[in-house]
Amino acid sequence: MGYEAALVYDSVHQRVIRWGGHNQGGGGEQNAETWVLDPATMKWELKEPNRSPPGVCCAQQNVFDPTWGA
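Residues numbered from 1 in each chain as written. Predicted model: local features only at pLDDT ≥ 70, side-chain atom pairs only at ≥ 80, totals over all residues. Heavy atoms only, no water.

Thoughts on the side chain of Asn31
This is how the line gets drawn: The secondary structure listing takes helices from DSSP runs of H or I that are at least 4 residues long and strands from runs of E that are at least 2 residues long, numbered from the N terminus. Here a polar contact means two N or O atoms within 3.5 Å. Within protein one must be a hydrogen donor candidate and the other an acceptor candidate, and residues neighboring in sequence count only if both atoms are side-chain atoms.
Turning to its location among the elements, Asn31 is positioned in the loop between β2 (15-19) and β3 (34-38). At 3.2 Å, the side chain of Asn31 forms a polar contact with the backbone nitrogen of Glu33.

Right, here's the structure in full:
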């Protein structure tokens, strides 16, 4: 899943959302993958929305908006 991704906790759905980062291999390109973790099962699921944001890394300014669920 790479490194330098952004993480946020979705308290409404009780999931951890991981987005962006660099691809594996050190110095890899930025990616726009979105993964969701269910803490109860510790299983990750790759989400593939129709509208993906551009790739990014070190995006710690992200927040979760419980009103919109994204």
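Let's talk about the pattern of salt bridges
Pairing of side chains with opposite charge becomes possible as their charged atoms draw close. Let me state the cut-off plainly: Each reported salt bridge corresponds to a side-chain nitrogen of Lys or Arg within 4 Å of a carboxyl oxygen of Asp or Glu. Relative accessibility thresholds used throughout: buried, under 20% of the residue-type maximum; exposed, over 50%; partly exposed, between the two (1.4 Å probe, protein chains only).
Under the defined criterion, the tally for this structure stands at two salt bridges. A salt bridge links Arg15 to Asp38; its shortest N-O distance comes to 3.5 Å. Here Arg15 is found in strand β2, whereas its partner Asp38 is found in strand β3, with 23 residues between them in sequence. Of the residues examined, Arg15 reaches a relative accessible area of 29% and is grouped as partly exposed. The salt bridge partner of Lys47 is Glu45, with a shortest N-O separation of 3.3 Å. Its relative accessible area of 43% is what places Glu45 among the partly exposed residues.

Digging into unusual backbone geometry
Positive phi, close to 55°, is recorded for Gln14, a residue that is not glycine. Phi is positive for Met42, close to 60°, though the residue is something other than glycine. Its place among the elements puts Met42 in the loop between β3 and β4 (43-47).

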